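Overview (structure and organization)
Residue-level listing of the chains:
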Amino acid sequence: MPTNFTVVRVKDSAGKATEGNDEDVDENNVLKEEEEDATGDGVPKENSPFINNTDNDKANSYDGTNMALFEEEMDSNPMVSSLLNKLANYTNLTQGAQEHEEADDDEGTKKKTVKSPQMGTFMGVYLPCLQNILGVILFLRLTWIVGTAGILESLAIVGLCCSCTMLTAISMSAIATNGVVPAGGSYYMISRSLGPEFGGAVGLCFYLGTTFAGSMYILGTIEILLTYIVPKAAIFVAERKEDEVDALLNNMRVYGTCCLALMAIVVFVGVKYVNKLALVFLACVILSILAIYAGVIKTIFEPPDFPVCMLGNRTLQNHNFDKCLKTEIKDNITVTTQLWNLFCEGPELNATCNEYFDNNNVTEVQGIPGLTSGVISENMWPEYGPLGMLVENKKLASVPGGDPKQDIYMPYVVNDITTFFTLLVGIYFPSVTGIMAGSNRSGDLRDAQKSIPIGTILAIATTSFIYISCVVLFGACIEGVLLRDKFGDSVKGNLVIGTLSWPSPWVIVIGSFFSCCGAGLQSLTGAPRLLQAIARDGIVPFLQVFGHGKANGEPTWALLLTAGICEIGILIASLDAVAPILSMFFLMCYLFVNLACAVQTLLRTPNWRPRFKYYHWALSFLGMSLCLALMFISSWYYAIVAMAIAGCIYKYIEYRGAEKEWGDGIRGLSLNAARYALIRLEDAPPHTKNWRPQLLVLLNLDSDQGVKHPRLLSFTTQLKAGKGLTIVGNVLEGTYLTKDTESKKAEQNIKACMSAERTKGFCHVVVSSNLRDGVSHLIQSAGLGGMKHNTVLMAWPGTWKQSNDPQSWKSFIETVRETTSAHQALLVAKNVDSFPTNQDRLGEGTIDVWWVVHDGGMLMLLPFLLRQHKVWRKCKMRIFTVAQMDDNSIQMKKDLQMFLYHLRLDAEVEVVEMHDNDISAFTYEKTLVMEQRSQMLKQMQLSRTEREREVIYKSFPKSNVRRMHTAVKLNEVVVNKSQGAHLVLLNMPGPPKNRGGDENYMEFLEVLLEGLNRVLLVRGGGREVITIYS
């Protein structure tokens, strides 16, 4: 639906228009604002570069009265006229990166004015894509692929690969037209769509693919040079036929390394000349293709004369003979030929010859019979075979003979590798890569959102037509044995595709040579810049050194690394072995482009509004599936290695990389998933089997907003082991308007401490008029929906006696009461600063549990959770329970051991006898019988004496003297048994209902904990948290 805008001209009381002030905004100021807003890590501020950039506008502030109502807003929000002016002057430079227009910051020079981009669709996208897609595989391997796979399967290979790139181009067009695409192209699109983890992993895969593409082009250059232009330049020459392959590979390594060094120097010294020569290299490609089509047309009228010599039905290498004859007559005398000498022990007519040579005749067939010859029917079907298989023409007669093992020593044309369909897919796929050449130049395009989709899709359509037509035409014009002759050995070492071209094979040879040179230079130019962009984004810490370069921005260190990785491909030396490697990395990149488009489309994020409308999530998923299938079709082990590399990079960035917020689709997917899970998660207590402590940690801060007890966070990490919910809360006293800055500082400090202690969770700082209300608000409102805390963890107020302000201990007791009222468990850590850090490893020792009253099983569950962490792993668990005079201690111990057995907990059990009746409230009836009386302990019967004792006790007044006596007696027992324990867990008595006894309550707890080092007081939430059932 079109949107109409009306611009209303506003005049002030003096009758002057307000337009003049806004026109004074200098373009350099706009660029300066962009430079200040860019954070250096590729993360623009949320409202950059158009909002909150009013520093330069203040000099041009509005003096009139018509807009006086909004004058205070202008401090943070610009006028619409100013905004539109900035939009008009906005340039799509890479965010966070300084390109060639800017010198290094150390030089102190100012940013140059950037020229507005002027390249259109044809020059900026179509031709670069055409140049990158068409290349070495077309000239060196396509004829061999057609001969080996047959026309039908070759069309299937081309169709699969071209469909993959077309679907990827559609997805890429949608992403590229969803807003301004800064210079940086494909990496920028993927990283900003899928987030820093996927962006870094896929960006590095794309970098490795581009680097190995450079290796492939250099190997193609050297293969053309040594095989077709100057074969005599070879350093390593095979003396025996079986050593020819090794000699060729060694030559490729030596010449490839020299060529790589030369190209790297060219790129380092004069990259601008590489860019200027791009059109020359493209012209070579186009002329070569035109020469092929011209040659095909010429075969209709006058096929070229390239005879192939056949012995029986076997193809011969004709490097060492001129005439395809066994003997010839000279001066009426029959003499042997050079061919005779290759198969016989001497030139004599009666010399001993190879048996197959004796049994079969020598014939010549035309290598290129022509378009109308009908040879297309013979080339329809595949001819796969193992390494060393002879290239044969099944139509010709052949008499078997001789030892097949000796055939490798004869001048036959043979397979140099084992061939099969999936191998050919991996070798062919690099010939359709290069579709992102246009998006990589997005910074130079006049209208990137229009040019990228049209140019890329047209380029893919053009190259797909070229490939499909070439497959059909090669199969229709060239004899099958010549097609399967990879290096043209049967036509005196001519390039097979060159034999078809017009006016001369040298057109293709020279054209393909310069084409490969140019493509290699382009790869060595593009790959370092891609690595530099990734390094400057700061998402992979160990790559930051590669973000630096020369004063003009040239990526020197990145070029060195690229050359080093490229050398690995050259040492492999085989074009057929390198091609599947780069196929993997490009397919991985294309897979994630499709994934990015699909995710954004399905999430329907408000910012997903591509101008390119011809996309659909189903097409993106189809493209993604096709990429994944092609990866495993090409080479399943390379696919696994590539995915493992990407996975390792992903995890590395996730754990060590800088956190970025790019508004990416994965973050949106996480938000949708979280919303879906929260809605499904019932706002009700979970089943006992799913219960785990969801912690609200109440932290105290000092006057500088620093965390007082960081060991509390360490203990949280050890207790949670990264699982469940953790909310770290703090309360600041005051009002939010006055404490806003302090609140943010406190939140930053808490998050920094959480990061240092590896506590995974959320931070919640509340500003309240008083601390008591703030803690109450946290306990009531922290969490969301079903993801709420069920346990509160806090430190014991160790200075409550020294404090003159009674609020410190009153606040503590009120927190105890509120957690009880909210049915939440409470954990209070005494001497928390002596608790172990995450780096400590406690040796042999115990975690002692004093189970006095039943709390739902919290006391037994907590040690089990702690022992999952490596800090407490070597500690043993001991459970102590208290028996009265009339209790059967032996039976209690047996029952408790049986209970722990059914709970699947390993612990030592000890029953401690207390001979006074002062602790009768903590009887065995209140402990084991209530724990699982109906399920496990049916055999236990309460005696009449126990019932009488309970009735007698209830008739006694609960005086402070008795409470203190209880605390002293229990403390003596605990200290006697557990003074050397690493941690003591103890039931926390509840506060008195009469608030007048609160201070005495604190004294009771102090006496109870006296003489113990690390103590965790535990108060249950009033529900079962552990069960014997599965």
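Residues numbered from 1 in each chain as written. Predicted model: local features only at pLDDT ≥ 70, side-chain atom pairs only at ≥ 80, totals over all residues. Heavy atoms only, no water.

1. Some thoughts on the overall build of the protein chain
Within the protein chain one finds 33 helices and 15 strands. Out of the 1030 residues in the protein chain, the part that is buried amounts to 53%. A separation threshold of at least 6 residues defines the contact pool for the protein chain, and within that pool the share at least 24 residues apart is 81%. Split by element, the accessible area of the protein chain, about 48,100 Å² in all, is 56% carbon and sulfur. (Helix = DSSP H or I, 4+ residues; strand = E, 2+ residues; numbered from the N terminus. Buried < 20%, exposed > 50% of the residue type's maximum accessible area, 1.4 Å probe, protein only. Contact = heavy atoms within 4.5 Å. Areas by Shrake-Rupley, 256 points an atom, 1.4 Å probe, with all protein chains shown as cover.)

2. Regarding unusual backbone geometry
In the segment running from Trp502 into Pro503, the intervening peptide bond is cis, with an omega of 15°. Considering the arrangement of structural elements, one finds Pro503 in the loop between helix 17 (496-500) and helix 18 (505-537). Phi at Gln705 takes a positive value of approximately 65°, unusual for a residue other than glycine. In this fold, Gln705 is placed in the loop between strand 6 (695-698) and helix 24 (710-720). Since its relative accessible area comes to 8%, Gln705 is described here as buried.

3. Looking at the sheet that holds strand 12 (residues 875-883)
The sheet built from 10 strands is open, its strands ordered 8-7-6-9-10-15-14-11-12-13 with mixed pairing. The open sheet is flanked by strand 8 (762-768) and strand 13 (908-913), the only strands paired with a single partner. Going from strand to strand, the sheet's axes swing by 20° on average, the running direction of each strand aside. When strand 11 (residues 845-851) meets strand 12, the two strands line up parallel, connected through seven bridges. Looking across to strand 12, one finds that Gly845 is bridged to Cys875. (Pairing = 2+ DSSP bridges. Axes fitted to C-alpha atoms, helices over the stretch in contact; angles between N-to-C directions.)

4. Description of the state of the cysteines
Under the definition given, this model contains two disulfides. With its sulfur 1.9 Å from that of its partner, Cys309 forms a disulfide with Cys324. Its S-S torsion of approximately 80° makes the covalent link between Cys309 and Cys324 right-handed. Here Cys324 lies in the loop between strand 2 (314-315) and strand 3 (327-330) and Cys309 lies in strand 1 (residues 307-311), a separation of 15 residues in the sequence. Look at Cys309 and you get buried, because its relative accessible area is 3%. (Disulfide = S-S within 2.5 Å.)

5. Some remarks on the nonpolar core
Ranked by size, the top nonpolar core spans 161 residues in total, and within it Met216, Tyr428, Phe429, Tyr467 and Phe474 carry the most contacts. Sort the elements by how many residues they give to this core and helix 7 (residues 185-229) lands first, with 23 residues. Core analysis: the second largest hydrophobic core is formed by 52 residues, Ala795, Ile847, Ile879 and Phe899 among them. (Core = buried A, V, L, I, M, F, W, Y, C linked by side-chain atoms within 4.5 Å.)

6. Remarks on the packing of helix 21 (residues 617-634) against helix 22 (residues 636-656)
Interaxial distance between helix 21 and helix 22 falls to 5 Å at its minimum, and their mutual angle equals 125°. Of the possible angle classes, the one that applies to helix 21 and helix 22 is oblique. Across the interface between the two elements, Leu628, Met631, Phe632 and Ser634 of helix 21 pack against Trp636, Ala639, Ile640 and Met643 of helix 22. By residue class, the composition of the contact of helix 21 with helix 22 is seven nonpolar, one polar and no charged. (Parallel < 35°, antiparallel > 145°, perpendicular 65-115°, else oblique. Nonpolar A, V, L, I, M, F, W, Y, C, P; charged D, E, K, R; others polar.)

7. Comments concerning the packing of aromatic side chains
Evaluated as defined, the whole model comprises 22 aromatic pairs. Pairing Phe343 with Tyr412 gives two aromatic rings, centres 5.8 Å apart and planes at 55°, and the pair type is tilted. Remark: Tyr412 occurs in the loop between strand 5 (362-366) and helix 13 (421-428) and Phe343 occurs in helix 11 (residues 338-343); sequence separation between them is 69 residues. The exposure class assigned to Phe343 is buried, which follows from its relative accessible area of 4%. Judged by relative accessible area, Tyr412 falls into the buried class, the value being 0%. When the ring of Phe542 is compared with that of Tyr652, the centres are 5.2 Å apart and the planes differ by 65°; the resulting orientation is edge-to-face. Here Tyr652 lies in helix 22 and Phe542 lies in the loop between helix 18 and helix 19 (556-572), a separation of 110 residues in the sequence. Overall, Tyr652 belongs to the partly exposed group, its relative accessible area being 25%. Lying over the aromatic face of Tyr356, Arg314 brings its terminal NZ or CZ to 3.7 Å of the ring centre. (Phe/Tyr/Trp six-rings, centres within 6.5 Å; stacked < 30°, edge-to-face > 60°. Lys NZ or Arg CZ within 6 Å of the ring centre and 35° of its normal.)

8. Thoughts on the pattern of salt bridges
Applying the stated rule across the entire model yields 19 salt bridges. Between Glu378 and Lys395 there is a salt bridge, and its shortest N-O distance comes to 2.6 Å. Linking Glu378 in the loop between strand 5 and helix 13 with Lys395 in the loop between strand 5 and helix 13, this pair joins segments that are 17 residues apart in sequence. The exposure class assigned to Glu378 is partly exposed, which follows from its relative accessible area of 36%. Bridged by salt links that share partners, the residues Arg141, Glu223, Asp416, Lys486 and Asp576 form one connected network. (Salt bridge = Lys/Arg side-chain N within 4 Å of Asp/Glu carboxyl O.)

9. Describing the packing of helix 4 (residues 121-133) against helix 10 (residues 278-301)
Direction vectors running N to C along helix 4 and helix 10 enclose 55°, while the axes themselves pass 10 Å from each other. Here helix 4 lies oblique to helix 10, going by the angle between them. For helix 4 against helix 10, the interelement crossing comes out left-handed. Residue-level contacts link Met123, Leu127 and Gln131 of helix 4 to Ala278, Leu279, Phe281 and Leu282 of helix 10. Residues that form the contact of helix 4 with helix 10 fall into these classes: six nonpolar, one polar and no charged. (Left-handed = near helix turned anticlockwise from the far one by under 90°.)

10. With respect to the pairing of strand 1
Within strand 1, four of the five residues are buried, which leaves the element mostly enclosed by the surrounding structure. As defined by bridge partners, strand 1 adjoins strand 5 across five bridges and the pair is classed as antiparallel. The residue bridging Cys309 from the neighbouring strand is Glu364, located in strand 5. Where strand 1 lies against strand 2, two bridges are found, and the strand directions are antiparallel. The residue bridging Met310 from the neighbouring strand is Thr315, located in strand 2. Counted along the chain from strand 1 to the antiparallel partner strand 2, the turn is two residues long, and its residue Gly312 has a positive phi close to 65°.

11. A closer look at the environment of Phe206
With respect to the secondary-structure elements, Phe206 resides in helix 7. Each C-alpha atom, one on Phe206 and one on Leu587, is 9.0 Å from the other, the two residues being 381 residues apart in sequence.

12. Side note on the side chain of Gln694
With respect to the helices and strands, the residue Gln694 is situated in the loop between helix 23 (665-680) and strand 6. A residue is classified by how much of its surface remains accessible, and Gln694, at 15% relative accessible area, is buried. A polar contact is formed between the side chain of Gln694 and the backbone nitrogen of Leu725, at a distance of 2.5 Å. Leave out the neighbours within four places in its chain, and Gln694 touches Lys720, Gly724, Leu725, Lys788, His789, Asn790 and Thr791. (Polar contact = N/O pair within 3.5 Å; in protein donor to acceptor, adjacent residues only side chain to side chain.)

13. Concerning helix 29 (residues 889-902)
Relative to the 20 Å expected for 14 residues at 1.5 Å per residue, helix 29 spans 20 Å between its end C-alpha atoms, a close match to the ideal helical length. Listed in full, the buried residues belonging to helix 29 are Ser889, Met892, Asp895, Leu896, Phe899 and Leu900. All buried residues of helix 29 fall inside an arc of 135° around its axis, so they share one side. Away from its buried face, by an angle of more than 90 degrees, helix 29 presents the exposed residues Ile890, Lys894 and Tyr901. (Expected span 1.5 Å × (residues − 1). Arc of directions from axis to C-beta.)

14. What about a nonpolar patch on the surface?
Where nonpolar side chains cluster on the molecular surface, the patch consists of Leu628, Phe632, Trp636, Tyr637, Ile640 and Met643 and spans about 590 Å² of accessible area. Elements supplying a minimum of two residues to the nonpolar patch: helix 21 and helix 22. Its location among the elements puts Met643 in helix 22. Overall, Met643 belongs to the partly exposed group, its relative accessible area being 35%. (Patch = residues over 30% accessible without salt bridge, like charges linked within 9 Å, V, L, I, M, F, W, Y side chains within 5 Å.)

15. A look at the sheet that holds strand 1
Strand pairing in a sheet takes place through backbone hydrogen bonds and is either antiparallel or parallel in direction. Ordered in space as 2-1-5, the three strands form an open sheet in which the pairing is antiparallel. This sheet does not close on itself; its edge strands, each paired only once, are strand 2 and strand 5.

16. Considering helix 8 (residues 244-269)
Helix length check: helix 8 (26 residues) gives 37 Å between terminal C-alpha atoms against 38 Å at 1.5 Å per residue, within 8%. Inspection of helix 8 places Ala247, Asn251, Met252, Gly256, Cys259, Leu260, Met263, Ala264 and Val267 among the buried residues, and these make up the whole buried set.

17. So, the pairing of strand 4 (residues 333-336)
Here four bridges tie strand 3 to strand 4, and the two strands are oriented antiparallel to one another. When the sheet's bridge partners are listed, Thr327 is paired in strand 4 with Thr336. In this antiparallel pair of consecutive strands, strand 3 and strand 4, the connection spans two residues, and Asp331 shows a positive phi of 55°.

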